[in-house]
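Summary of the model geometry
Spelled out from the first residue to the last, the chains are:
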Amino acid sequence: MHKSAHSLPTALLLTALTMCAACGQVADDERLIYVPRAEVQRAVLIEDFTGQRCINCPEGSAVIASLQEQYGEDNVVAVGIHSGPFGVNQFGVNLPLTTDVGRAYFDYWHLDGQPVALINRQAPTTNYDTWGADVRRELEKPATLSLSAGTLRATADSISIDGISAVALSGDVAARLTVWLIEDSIVGTQYLPGNSIDRDYMHRHVFRDTVNGMWGQAVLLAQDVPQTFSFAHARAAAWDVRHLAAVVFVADASGVLQVATAHCEPRADDAQQ
């Protein structure tokens, strides 16, 4: 994908880490046994680059589920971005949950190996046994802004996100505001360790699309001055709005500063499906 002048600055590329082999196992002596509970100062975004043909990706998903259970899904916001070599079939065609935008993110970050996560857009890591420590460290950082994801509603053919609110808490903030749509509880095929296949696997918080561009839009937030934003997006027929949510985050060259979610308020006929 072409990187326009509106792409994130070069500093956000981050120094690439030496990645583990694709879908490689983690040695027992490298596993994190215990991570004390953090005092939550701000929410954390996990961009989980996964794929339906990735046999170890369910292990990474289990780690994320454990972190969300520990801290709450509003504090640990996860997005499963189906992409990379395990997000396509043997002919390079997207599998059902893979998107072209997700593949563009994977390529942009020069990722290697899966599962691989960006936690608040710090250096990517394939070692999911360290994700807990990484999340804890980010949770404990002071919040520089307050963010609300507003209200997400669906009509027959469109999605609206209204009343997104952001306010800087300690000095002005120049950053980018990005809005994504994700869908939860999608039943589909997933490869498992040992190359077995679960055709009724429950896929969580799956990235569906970006609402305001791959890198969102530039915002300048003055201290203590709230700003509000609203967006509209076409609704794909395949999306079950009962499980649809918006993920809103603000990021700058240092990483993600704050993230928030809003769950869809479906129409009455959607709610009865």
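Residues numbered from 1 in each chain as written. Predicted model: local features only at pLDDT ≥ 70, side-chain atom pairs only at ≥ 80, totals over all residues. Heavy atoms only, no water.

Looking at the secondary structure, you find T210 in strand 10 (residues 206-210). A distance of 2.6 Å separates a polar side-chain atom of T210 from the backbone oxygen of G213. Filtering out sequence-adjacent residues up to four positions away, T210 remains in contact with V101, Y105, T178, V179, W180 and H233. (Helix = DSSP H or I, 4+ residues; strand = E, 2+ residues; numbered from the N terminus. Polar contact = N/O pair within 3.5 Å; in protein donor to acceptor, adjacent residues only side chain to side chain. Contact = heavy atoms within 4.5 Å.)

Let us look at the packing of aromatic side chains. Going through the model one piece at a time under the given rule, you end up with ten aromatic pairs. Look at Y108 and W215: their rings are 4.6 Å apart centre to centre, the planes differ by 55 degrees, and that puts the pair in the tilted class. Residue Y108 is found in helix 2 (residues 100-108), and its partner W215 is found in the loop between strand 10 and strand 11 (217-221); the two are separated by 107 residues along the sequence. Look at W215 and you get buried, because its relative accessible area is 8%. (Phe/Tyr/Trp six-rings, centres within 6.5 Å; stacked < 30°, edge-to-face > 60°. Buried < 20%, exposed > 50% of the residue type's maximum accessible area, 1.4 Å probe, protein only.)

Moving on to the nonpolar core. Within soluble globular proteins, side chains that are nonpolar generally end up buried alongside one another. The biggest cluster of nonpolar side chains holds 30 residues, and the ones touching the most others in it are L147, L152, I159, I161, I164, L177 and F231. Listing elements by their share of this core, those giving two or more residues are strand 4 (145-148), strand 5 (151-154), strand 6 (158-168), strand 7 (173-183), strand 11, strand 12 (227-234), strand 13 (244-252) and strand 14 (255-265). Sequence-distant contacts of I159, that is, excluding residues within four places in its chain, are made with L152, R153, A154, L181, F231, A232, H233, A234, R235, W239, V241 and L244. Counting 26 residues, the second largest nonpolar core, distinct from the first, contains V79, I182, M214 and W215. (Core = buried A, V, L, I, M, F, W, Y, C linked by side-chain atoms within 4.5 Å.)

Quick look at the side chain of R235 now. Here R235 shows up in the loop between strand 12 and strand 13. Within polar-contact distance, the side chain of R235 engages the backbone oxygen of T155 at 2.8 Å.

The next subject is unusual backbone geometry. Note that the residue after Q114, namely P115, is joined by a cis bond; omega there is 0 degrees. Topologically, P115 is positioned in the loop between helix 2 and strand 3 (116-119). Phi at H110 is positive, roughly 55 degrees, even though this residue is not glycine. The residue H110 is located in the loop between helix 2 and strand 3 in this model. Phi is positive for N195, which is not a glycine, with a value near 65 degrees. Looking at N195, the relative accessible area reads 56%, which means it is exposed.

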